[in-house]
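Reading the structure
Read off the chains here:
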Amino acid sequence: MKKLLALVLVLSLVLCLFVGCQPSTPAETPTEPAAPTDTEPAAPTDTEPATPDTEPAAAEGGLVGVAMPTNDLQRWNQDGANMKAKLEEAGYTVDLQFGANDIPTQVSQIENMISNGCKVLVIASIDGNSLGTVLAQAKENKIPVIAYDRLIMNSDAVSYYATFDNWKVGVKQGEYIRDALDLDNAAGPFNIEFITGDPGDNNINFFFDGAMSILQPYLDSGKLVCQSGQTAKMDVATPGWATDKAQERFENILSTYYADKQLDAVLASNDSTAQGVANALASSYTNDVYPIITGQDCDIASTKNMMKDLQAMSVFKDTRDLAAKTVEMVDALMKGTEPPVNDNKTYNNGTGVIPSYLCEPKVCTKDDIQEILIDSGYYTEKDLAD
């Protein structure tokens, strides 16, 4: 009986405690959430949809691999930065790599992009003939490849090509020399030398051949004379488009052929080679008449040289336009639509014609710097100040 009485007392106590802890009325749902603390923002509710500002529409668009040849030249730094910024604005994740002008390095970078799951590759190749094996991997993984401003040769993995009208670049350089020397009217003869870029870059075929389409008739007639005799494309090529290589070659040309002759013009295919020519002239040329020097890209150093009358012109290729068009192509590929192209006949990489989009180049001289480069926001006046 004692044990039974104890058990009844314990149960009665538990029941009292339970009843005493309950609220006298049902709990009310608060009508207003508690204010967040100063140190921790309030979390969004599960039922509230994300706003466009917090979740870009293309945020799940995927990974884009962007392979640039080098960061040693201003041109490719700008291209890489423009491309990355515009792709990220469109909501994509970007793996941007610079190949240090070393083919195995670029191949390894592209292999890593493929293994990391990139959905599209954008490649400005170091050597357009050296990517066949790694691009075969891209094709196996059904990854579209956009060749960027340098056509990748002998690979059927190349889907599209984004570039400027490179034939027109050369034509504009040749036309500038023709008009500046007034070759159709002046008696002449005028002395000219030639320099172009890396022999592994397919673009030199368009730059150089485009210029020679204008200048070759004047060479044939004797109105233009190349004292060195170096007029073949491979004879005037410059490994890596390197300024020091261009300077070394032109110092030899000047000391050998122009010790007592006037040099009237130099067809230089781009700014880095034009800078090498200008450096050689500063160290090895004594004639009072300074030659016309062409260029391409409107690098800061060459733009400053134009301002000092050490380079006559440069062909401006607005990389902002090219990056924007390439982003359109990437976006179309990601969404399964047709990328924009405006040329289906010019660029054959050895496996067939590659559908291309060609942006328009412009001639820039000392007189155009303010309008074309500064007013457009490409450079600031501070960028071009000494």
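Note that the structure is a prediction, hence the values are computed from the model and not measured.

With the rule as written, the count across this model stands at 16 salt bridges. Of the charged contacts, one joins R75 and D297 as a salt bridge, the two residues approaching to 3.8 Å between their closest N and O atoms. In this pair, R75 sits in helix α2 (residues 74-89) while D297 sits in the loop between β9 (292-293) and α9 (300-307), placing the two residues 222 residues apart along the sequence. Grouping residues by exposure puts R75 and D297 together as buried. With a closest N to O distance of 3.9 Å, K261 and D260 form a salt bridge. Exposure remark for D260: the relative accessible area of 67% places this residue in the exposed category. A network of salt bridges, in which partner residues are shared, links R75, D79, D149, D297 and K317.

One open sheet holds the 6 strands; their spatial order is β2-β1-β3-β4-β5-β11, and the pairing between them is parallel. Only two strands of the sheet have a single neighbouring strand rather than two, namely β2 (93-98) and β11 (356-359). In this sheet, neighbouring strand axes are inclined to one another by 15° on average, regardless of whether the strands run parallel or antiparallel. With 4 bridges joining them, strand β1 (residues 63-68) and strand β3 (residues 120-123) adopt parallel strand pairing. From the neighbouring strand, V66 faces β3, where its bridge partner is V122. Sheet strands touched by helix α3 (residues 103-115): β1, β2 and β3. Its angle to β1, the strand with the most contacts, is close to 175°. Those strands touched by helix α10 (residues 319-334) are β1, β3, β4 (145-148), β5 (158-164) and β11, and its axis lies near 160° from that of β5.

Of all 7 residues in β5, 6 are buried; the element is thus mostly enclosed. Sheet analysis places β4 next to β5, joined by 4 bridges and oriented parallel. Across the sheet, Y148 pairs through a bridge with A162, a residue of β5. Two strands pair when backbone bridges link them, and β5 and β11 are joined in this way by 4 bridges, in the parallel orientation. Directly across from T163, in β11, lies its bridge partner L358.

What follows covers empty space enclosed by the protein. In this structure the tally under the stated criterion is 1 cavity of 30 Å³ or more. Estimates place the volume of the largest cavity at around 150 Å³. Lining of the largest cavity is provided by 15 residues; of these, R75, W76, R150, N270 and D297 occupy positions nearest its centre. Mapped by element, the contributors of at least two residues to the lining of the largest cavity are α2 and α6 (203-221). Per-class residue counts for the lining of the largest cavity are 4 nonpolar, 4 polar and 7 charged.

Turning our eyes to something else, we now look at the state of the cysteines. Scanning the entire structure with this criterion turns up 0 disulfides. Take C364: it sits in no disulfide, and the sulfur closest to it among the cysteines is that of C298, at 4.1 Å.

Conventions and cut-offs
Residues numbered from 1 in each chain as written. Predicted model: local features only at pLDDT ≥ 70, side-chain atom pairs only at ≥ 80, totals over all residues. Heavy atoms only, no water. Salt bridge = Lys/Arg side-chain N within 4 Å of Asp/Glu carboxyl O. Helix = DSSP H or I, 4+ residues; strand = E, 2+ residues; numbered from the N terminus. Buried < 20%, exposed > 50% of the residue type's maximum accessible area, 1.4 Å probe, protein only. Pairing = 2+ DSSP bridges. Axes fitted to C-alpha atoms, helices over the stretch in contact; angles between N-to-C directions. Contact = heavy atoms within 4.5 Å. 1 Å grid on protein atoms, 1.4 Å probe; cavity = no way out; pocket = protein on both sides within 12 Å on 5 of 7 lines; lining within 4 Å. Points joined across faces, edges and corners; volume = space filled by probe spheres on them. Nonpolar A, V, L, I, M, F, W, Y, C, P; charged D, E, K, R; others polar. Disulfide = S-S within 2.5 Å.

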